[in-house]
Amino acid sequence: MTPDSQHDSRRGSFWGSWYSICMMAFGAVALYFLLTRHAAHLYGLLPLMVALACPLMHIFMHRGHKHGGHRHEDGQQ
């Protein structure tokens, strides 16, 4: 083992750390106040969020236009 791999194995995962737990709690509180106190603002942004979901899904789900480098058996691309 290299020294770097030993260092990584001793370190805990991000999701079990105190930092991530605090950030999730802060996010839950922020989401609560966003939904209860600022619902009118959130509903006004809903069409924009739906419109932004399309390119984001294309980028993250299709991973661009590379499609994993699949090639056909008969030589076509």
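Described below are features of the structure shown in this document. (Residues numbered from 1 in each chain as written. Predicted model: local features only at pLDDT ≥ 70, side-chain atom pairs only at ≥ 80, totals over all residues. Heavy atoms only, no water.)

1. Comments concerning the overall build of the protein chain
Within the protein chain, the regular secondary structure consists of three helices and zero strands. Listing each helix as α and each strand as β along the protein chain from the N terminus yields α-α-α. Split into buried and exposed, the 77 residues of the protein chain put 4% on the buried side. With the model as given, the accessible surface of the protein chain reaches about 7600 Å², and the carbon-plus-sulfur share is 68%. (Helix = DSSP H or I, 4+ residues; strand = E, 2+ residues; numbered from the N terminus. Buried < 20%, exposed > 50% of the residue type's maximum accessible area, 1.4 Å probe, protein only. Areas by Shrake-Rupley, 256 points an atom, 1.4 Å probe, with all protein chains shown as cover.)

2. Observations concerning a nonpolar patch on the surface
Residues Tyr-43, Leu-45, Leu-46, Leu-48, Met-49, Val-50, Leu-52, Leu-56, Met-57, Ile-59, Phe-60 and Met-61 make up a contiguous nonpolar surface patch of roughly 1300 Å² in combined accessible area. Mapped onto the elements of the fold, Met-49 is located in helix α3 (residues 39–62). Residue classification places Met-49 among the partly exposed positions, given a relative accessible area of 41%. (Patch = residues over 30% accessible without salt bridge, like charges linked within 9 Å, V, L, I, M, F, W, Y side chains within 5 Å. Salt bridge = Lys/Arg side-chain N within 4 Å of Asp/Glu carboxyl O.)

3. A look at α3
Across its 24 residues, α3 extends 32 Å between first and last C-alpha, which sits within 8% of the 34 Å expected from 1.5 Å per residue. Largest kink in α3: about 40 degrees, centred on Leu-46, with the proline Pro-47 one to four residues after it. (Expected span 1.5 Å × (residues − 1). Bend = angle between axes of the 7 residues up to and from the residue.)

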